[in-house]
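# Coordinates in review
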Amino acid sequence: MPRTVYVNGEYLPEGEARVSVFDRGFLMADGVYEVTSVLDGRLIDYPGHAVRLARSLAELDMANPIGAEELAAVFRELVRLNRIDQGMIYLQITRGNPGDRSFVFPDPETTPCTVVAFTQNVPDLADAPAAKTGFRVISIPDLRWDRVDIKTTQLLYPSMGKMMARKAGCDDSWFVRDGTVTEGTSNNAYIVKGNRIITRALGTDVLHGITRASVLRFATEAQFEIEERPFTVAEAQGADEAFSTAASIFVMPVVEIDGVAVGSGKPGPVAVRLREIYIEEMRRAAA
Ligand code: PDD
């Protein structure tokens, strides 16, 4: 069954959906996106994604073409039409199609944004096999621009980072800037030392993860101490545990960094517990 996707107000079979060759998302990566996960056919952490989307758009001087409630209705309709029980919804909003290529932003009055959304079916999202073995990561220089707090579609370097990890026989890359870890290719990065969970503070050099916010809240409730500060690869290698978070992986244990086992070299108890808590709490709050 072909997927039904959403393009500018219409629900279309994926093979019939069209975006212009002049779309600024295509020509300039002039667009923002969000990935919202789905469990039991319901949206996970949706309000956070809606707030971050509005912020990304505002930072790029783009008008928000679709309100949070209307967008939630689109997401739910896509979940229904595509019979998604577990998976993700990808949303992209670009500065639209001005009918030609130019570095100058088009007038928003005459060039409406392009809004595209589609579902991705991931039947084992909650029960991901990778969570049982954990991610092996490599560290690579963070060559991204200085505003990665804006969730833009400029994902070439993160994509290259993923491929560098693959070539090294690993699962992901952690970016290093000025000697400390910023985040993973598409996730926030953490280490655990005793009762402390350490992750970089929010700034313009990391994405303000929606999963991060929820996981830190649950961790605080579970009596863990949170330390928001940079850490080095060496500190991570010597930590008790490490993990990554994102809407696509929830809480993913990290068991090896640059060939060095972290802790026991197996998913650690803190990461495993936080993953369980996150999934349980999110299932309860899903809407
Ligand atoms: N990525 N950091 C980066 C660079 C990311 O791309 C992501 C999400 C995160 C985690 O954010 P959140 O918890 O809100 O998903 C952190 C998505 C999942 C993606 O690009 O597929």
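Structural notes, computed from the coordinates. Since the structure is predicted, the reported quantities are computational estimates derived from the model, not experimental observations.

## What about unusual backbone geometry?
Phi at Asp45 is positive, roughly 55°, even though this residue is not glycine. Its place among the elements puts Asp45 in the loop between β4 (42-43) and α2 (46-59). Classification of Asp45 by relative accessible area gives buried; the value is 16%. Positive phi values are uncommon outside glycine, yet Asp258 reaches one of about 50°. With respect to the element layout, Asp258 can be found in the loop between β14 (250-257) and β15 (260-261). For Asp258, a relative accessible area of 33% corresponds to the partly exposed category.

## As for helix α6 (residues 210-221)
Here α6 is twelve residues long and its end C-alpha atoms lie 17 Å apart, about the 16 Å a rise of 1.5 Å per residue gives. For α6, every residue scored as buried is listed here: Ile210, Thr211, Arg212, Ser214, Val215, Leu216, Phe218 and Ala219. Looking one or two residues beyond α6, the residue adopting positive phi is Gln223, at roughly 75°.

## Observations regarding the pattern of salt bridges
Pairs may arise between side chains of opposite charge once their charged atoms sit close together. Taken as a whole and assessed by the stated rule, the structure comprises 24 salt bridges. Arg95 is the partner of Asp30 in a salt bridge, and the nearest nitrogen-oxygen pair spans 2.6 Å. With Asp30 in the loop between α1 (24-28) and β3 (31-39) and Arg95 in the loop between β5 (87-94) and β6 (114-121), the pair connects residues that are 65 residues apart, well separated along the chain. With a relative accessible area of 6%, Arg95 lands in the buried category. The closest approach of N and O atoms between Arg284 and Glu281, which form a salt bridge, is 3.5 Å.

## Focus on the packing of α2 against helix α3 (residues 68-81)
Running from amino to carboxyl end, α2 crosses α3 at an angle of 125°, the nearest separation of the two axes being 10 Å. It follows from the interaxial angle that α2 and α3 lie oblique. As α2 runs across α3, the sense of the crossing is right-handed. In this structure, α2 uses Tyr46, Ala50 and Leu53 to contact α3, whose residues at the interface are Ala68, Leu71, Ala72 and Phe75.

## Examining the nonpolar core
One finds Leu43, Phe75, Leu91 and Ile93 to be the most contacted residues of the largest nonpolar core, which totals 25 residues. Every element with two or more residues in this core is listed here: β3, α2, α3, β5 and β6. A total of six residues in this core trace back to one element, the largest contributor, which is α3. When near neighbours in sequence (up to four residues on either side) are disregarded, Leu91 contacts Val32, Tyr33, Glu34, Leu53, Leu71, Phe75, Val115, Val116 and Ala117. If you look at the next biggest cluster of nonpolar residues, it comprises 24 residues, including Ile44, Phe224, Phe243 and Met282.

## Brief notes about the site of the ligand
Residues in close proximity to the ligand total 20 residues, the closest being Tyr33, Arg52, Glu183, Thr211 and Ala247. One nitrogen or oxygen atom from the side chain of Arg52 is found 2.8 Å from an oxygen atom belonging to the ligand. Considered on its own, the ligand offers 480 Å² of accessible surface; in the complex 90% of this is hidden by protein. According to the grid-proximity analysis, the pocket containing the ligand is the largest pocket. Elements represented by at least two residues in the shell around the ligand include exactly β3, α2, β9 (180-184), α6 and β13 (241-246). Class assignment for the residues of the shell around the ligand results in six nonpolar, ten polar and four charged.

Parameters and conventions
Residues numbered from 1 in each chain as written. Predicted model: local features only at pLDDT ≥ 70, side-chain atom pairs only at ≥ 80, totals over all residues. Heavy atoms only, no water. Helix = DSSP H or I, 4+ residues; strand = E, 2+ residues; numbered from the N terminus. Buried < 20%, exposed > 50% of the residue type's maximum accessible area, 1.4 Å probe, protein only. Expected span 1.5 Å × (residues − 1). Salt bridge = Lys/Arg side-chain N within 4 Å of Asp/Glu carboxyl O. Axes fitted to C-alpha atoms, helices over the stretch in contact; angles between N-to-C directions. Parallel < 35°, antiparallel > 145°, perpendicular 65-115°, else oblique. Left-handed = near helix turned anticlockwise from the far one by under 90°. Contact = heavy atoms within 4.5 Å. Core = buried A, V, L, I, M, F, W, Y, C linked by side-chain atoms within 4.5 Å. Near = heavy atom within 4 Å. Polar contact = N/O pair within 3.5 Å; in protein donor to acceptor, adjacent residues only side chain to side chain. Areas by Shrake-Rupley, 256 points an atom, 1.4 Å probe, with all protein chains shown as cover. 1 Å grid on protein atoms, 1.4 Å probe; cavity = no way out; pocket = protein on both sides within 12 Å on 5 of 7 lines; lining within 4 Å. Sits in = over half its atoms within 2 Å of the grid points. Nonpolar A, V, L, I, M, F, W, Y, C, P; charged D, E, K, R; others polar.

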